[in-house]
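What follows is the residue order along each chain.
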Amino acid sequence: MEKEQQVLQVRFMSGFSLTYGKQVMGLAKEMSSKARQLLATLLYFNRTGVPREKIIANLYQNEDADAANSFKALVFRLRRKLLQCGLPEGDYVVVKDGLYRFGDAVEVETDTDQFRAVIEAADGAESEKERAAFFAKACELYGGEFLPLSSEQPWVVFVNAELVDDYANAARWLVKYYNRRRDHEAICVLCKRVSVYFPFEEEWYIERLNALIALGRYKQALDEYEAVASMLFDEMGVYPSEQLMDCARAISNKVIFPLSSGTEVSDRLNDAPSSGAYYCSYPGFADSYHVLKRIMDRDGIPSCLLLCTVTDAKRRPLEEREHVTPAIQEISLALGRTLRKSDMYTRYSSAQMLVMLWGTGPENVNLITERLDELLAAQKMPEGVQVVYTVLAGKDAPQFILSTAMSGKKKTWRKIDGATPAI
């Protein structure tokens, strides 16, 4: 009885790994970067072949004056390594008509070929139900970024973009299909998986939140919205889009707690820490400000807003995330330690904190910024970073004051135009 031929299974997505039969091969990890890139190229283009000149251009990118000889030596070492790793005897770097391929000594199956085959089957499906089944299978097969360790190579970028488009289009089609069928649970599962691969694309969070709302899982939807909003701000320095905030409004309108006693209501409302200034997300800050401003205007209570902007030594906005993030963290910490319980603050942009000062007029803000400066000077602010404070009080022209925490210079007030620091 003829022994069944083993298959070499290749995974390109979210890494590069090879499995022969049931054995996971450490081949890709043991090779040099160039050898690994060459092996991946040969395996990916095994059916069509790839010209020698294209391989050399991708591998060396003008960094090797003697690239032709270097490539020749690389091919020799790769052939020898492949024969030593447990694969059956055979020619594993085949050259025919000027095209290089891995060869036919073993049968090769790749995750990208499997994924594309299912996408093609979906495109040729005769019914909507059949197409949905194929697209669902494709979404299960998709494994993430194509060859992430070689993402600087142009051909890898191109292939990855194609795979991403196919995956995203399949997922979008499925969302519409599930919506027509009111299968909101399927949307929740699908969008949760897709958002793992596209964590900064809001459309998948929006679809999942809408599905959770349709399922009546309002508390879960609210928790997930807050987590997404925080992630987008912390990682990208952006606020939720209007569409995502529409989800939050819809959730807020639906969140209804079960019939509760007065004690339960009080406990639920008072479960937040009562010491120090109150930190909240910007949507919560904006809603609170609108209500409190009405009260203060009615009762004649002085108040103002304090905008803290992180800049460089020349008062230019900082854009480097490695400097902005730690600086904002230090400012947030200082605000929490400096402000009173009646004050409220939020993160307004990637490089700005916004404070509402209850019962404090613009003429007294100087005392608060001095306390902030003292704390910031004692904390580990990044080198070359300073803070510009902008005071906003109703329709009065904004004023700004330069922090002395870094510069040591005397603090001065200046009138400015607009609602942001003159930077």
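Further up the page is the structure itself.
A quick note: this is a predicted structure, and the numbers were derived from the prediction, not measured. (Residues numbered from 1 in each chain as written. Predicted model: local features only at pLDDT ≥ 70, side-chain atom pairs only at ≥ 80, totals over all residues. Heavy atoms only, no water.)

Okay, the overall build of the protein chain next. A count of helices and strands for the protein chain gives 15 helices and 14 strands. Long-range contacts, defined here as pairs at least 24 residues apart, represent 62% of the contacts in the protein chain between residues at least 6 apart. Within the structure as shown, the protein chain displays about 23500 Å² of accessible surface, and the carbon and sulfur contribution to it stands at 51%. (Helix = DSSP H or I, 4+ residues; strand = E, 2+ residues; numbered from the N terminus. Contact = heavy atoms within 4.5 Å. Areas by Shrake-Rupley, 256 points an atom, 1.4 Å probe, with all protein chains shown as cover.)

This brings us to a nonpolar patch on the surface. On the surface, Phe-200, Met-236 and Val-238 cluster together into a nonpolar patch covering about 250 Å² of accessible area. Judged by relative accessible area, Phe-200 falls into the partly exposed class, the value being 39%. (Patch = residues over 30% accessible without salt bridge, like charges linked within 9 Å, V, L, I, M, F, W, Y side chains within 5 Å. Salt bridge = Lys/Arg side-chain N within 4 Å of Asp/Glu carboxyl O. Buried < 20%, exposed > 50% of the residue type's maximum accessible area, 1.4 Å probe, protein only.)

We now examine the sheet that holds strand β4 (residues 50-51). The antiparallel open sheet is built from three strands, whose spatial order is β4-β6-β5. Each of the sheet's edge strands pairs with one partner strand only, and the pair in question is β4 and β5 (94-96). Here two bridges tie β4 to strand β6 (residues 99-101), and the two strands are oriented antiparallel to one another. Bridging across to β6, Val-50 finds its partner in Tyr-100. (Pairing = 2+ DSSP bridges.)

Next up on the list: the pattern of salt bridges. Where charged atoms of side chains with opposite charge meet at close range, the side chains can pair. Counting across every chain of the model gives 14 salt bridges. Glu-128 is the salt-bridge partner of Arg-180, the closest N and O atoms lying 2.5 Å from each other. Taken as a pair, Arg-180 in helix α7 (residues 154-180) and Glu-128 in helix α6 (residues 128-141) lie far apart in primary sequence, 52 residues in all. The class for Glu-128 is partly exposed, based on a relative accessible area of 41%.

Turning our attention to the pairing of strand β7 (residues 107-110). Here is the key point about a regular strand: its side chains alternate between the two faces of the sheet. Side chains Val-108 and Thr-110 project from β7 onto a buried face, and the interleaved Glu-107 and Glu-109 project onto a face without burial. Relative to β7, strand β1 (residues 7-11) is paired through four bridges, and the arrangement is parallel. Residue pairing for β7: Val-10 is matched across the bridge by Thr-110.

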